[in-house]
Amino acid sequence: MEFEIVQRAIRGNHQAILSLIEMDEEILYRMAFTYMKNEQDTLDVMQELIYKALKKMHTVKEQEYARTWLVRVLINCCKDHLRKRQPTVPIEEHHLSGWAIYSDLERLLEQLSLSEQQLVYMKYFQQLKNKEIAELNQIPEGTVKSKLHHILKKLRNYAGEREDWL
C-alpha cells in the first residue's frame, strides 16, 4: 500500500502526496516544533512543506527516499523560516496537550544544539538508518555514528545532573 502511494506521489498525484505527509504528520510536526518552538510557526512551516511537496515531489528520483526527502524539505523550511524571522522573545513556554508525556524529554533535548536535536529526531523518532542520516546531512556515516555516541553521552550527563527531569 505505502509503495503504491509513494509511486503515485512521485508521479505528481496530489492526494498521494498529502497521504504520504499524513502518514508521518506527527513526527514531522514534532521535528518542526523542535526547530520553531511555537505552534504558529510550526504550522506555518508544515504548510510550507505541503506546498513544496505538491510542487516538487516529482523531483524525487528513488522511491525509498521519498519520506527522507520530505524530512529534508521540512528541515530546510524550518531553517529558512528561522533566518527570515525577526528576533523575538517568547512570552511563555507553550506545550501542546498531546505532548505532556514528552515534556521531560523535551527539556532534556533542549540542552542540545539544533543540529544535535536533528540527529536525535532522525535516528530515534524517524528511525532512519545511519546511512540515510549521513546522506541527508551530506556527512560520512562514521561521523553520524560518532556524533550520535557523543550526543547520547551528553544526554546521560544532563540527565544525571538533573534529578527533577523525570
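Residues numbered from 1 in each chain as written. Predicted model: local features only at pLDDT ≥ 70, side-chain atom pairs only at ≥ 80, totals over all residues. Heavy atoms only, no water.

To continue, consider the overall build of the chain. For the chain, the helix and strand inventory stands at nine helices and zero strands. Its helices and strands taken in sequence order, the chain reads α-α-α-α-α-α-α-α-α from the N to the C terminus. Counting over 166 residues, the chain shows a buried share of 37%. Pairs at least 24 apart in sequence give 63% of the contacts found in the chain among residues at least 6 apart. (Helix = DSSP H or I, 4+ residues; strand = E, 2+ residues; numbered from the N terminus. Buried < 20%, exposed > 50% of the residue type's maximum accessible area, 1.4 Å probe, protein only. Contact = heavy atoms within 4.5 Å.)

Negative charge collects at one region of the surface, where Glu 62, Glu 64, Glu 135 and Glu 141 lie side by side. Note on placement: Glu 135 falls in helix α8 (residues 130-137). (Patch = residues over 30% accessible without salt bridge, like charges linked within 9 Å, V, L, I, M, F, W, Y side chains within 5 Å. Areas by Shrake-Rupley, 256 points an atom, 1.4 Å probe, with all protein chains shown as cover. Salt bridge = Lys/Arg side-chain N within 4 Å of Asp/Glu carboxyl O. Lys, Arg positive; Asp, Glu negative; His and termini not counted. Charge placed at Lys NZ, Arg CZ, Asp CG, Glu CD.)

So, on to unusual backbone geometry. Excluding glycine, most residues fall at negative phi; most peptide bonds, likewise, are trans. Phi at Lys 37 takes a positive value of approximately 70°, unusual for a residue other than glycine. Considering the arrangement of structural elements, one finds Lys 37 in the loop between α3 (25-36) and α4 (39-56). The backbone of Gln 138 shows a phi angle near 55°, a positive value even though the residue is not glycine. Following the sequence through the fold, Gln 138 ends up in the loop between α8 and α9 (141-161). For Gln 138, a relative accessible area of 73% gives the class exposed.

It is worth spelling out the packing of aromatic side chains at this point. Summed over the entire model, instances satisfying the criterion amount to one aromatic pair. Here Tyr 29 and Phe 33 contribute two aromatic rings whose centre-to-centre distance is 6.3 Å and whose plane-to-plane angle is 20°, an arrangement assigned as stacked. With Tyr 29 and Phe 33 both in helix α3 and four residues apart, the pair spans about one turn of that helix. Pair check on accessibility: Tyr 29 and Phe 33 agree, each one buried. (Phe/Tyr/Trp six-rings, centres within 6.5 Å; stacked < 30°, edge-to-face > 60°.)

All right, on to helix α2 (residues 14-23) then. Structural remark: α-helix, 3.6 residues per turn; residues separated by three or four positions point the same way. All buried positions along α2 are accounted for by Ala 16, Ile 17, Leu 20 and Ile 21. Each buried residue of α2 sits inside an arc of 140° when the element is viewed along its axis, so together they form one side. Of the exposed residues in α2, the ones pointing more than 90 degrees away from its buried face are Gln 15 and Glu 22. (Arc of directions from axis to C-beta.)

The analysis is restricted to geometry; functional conclusions fall outside its scope.
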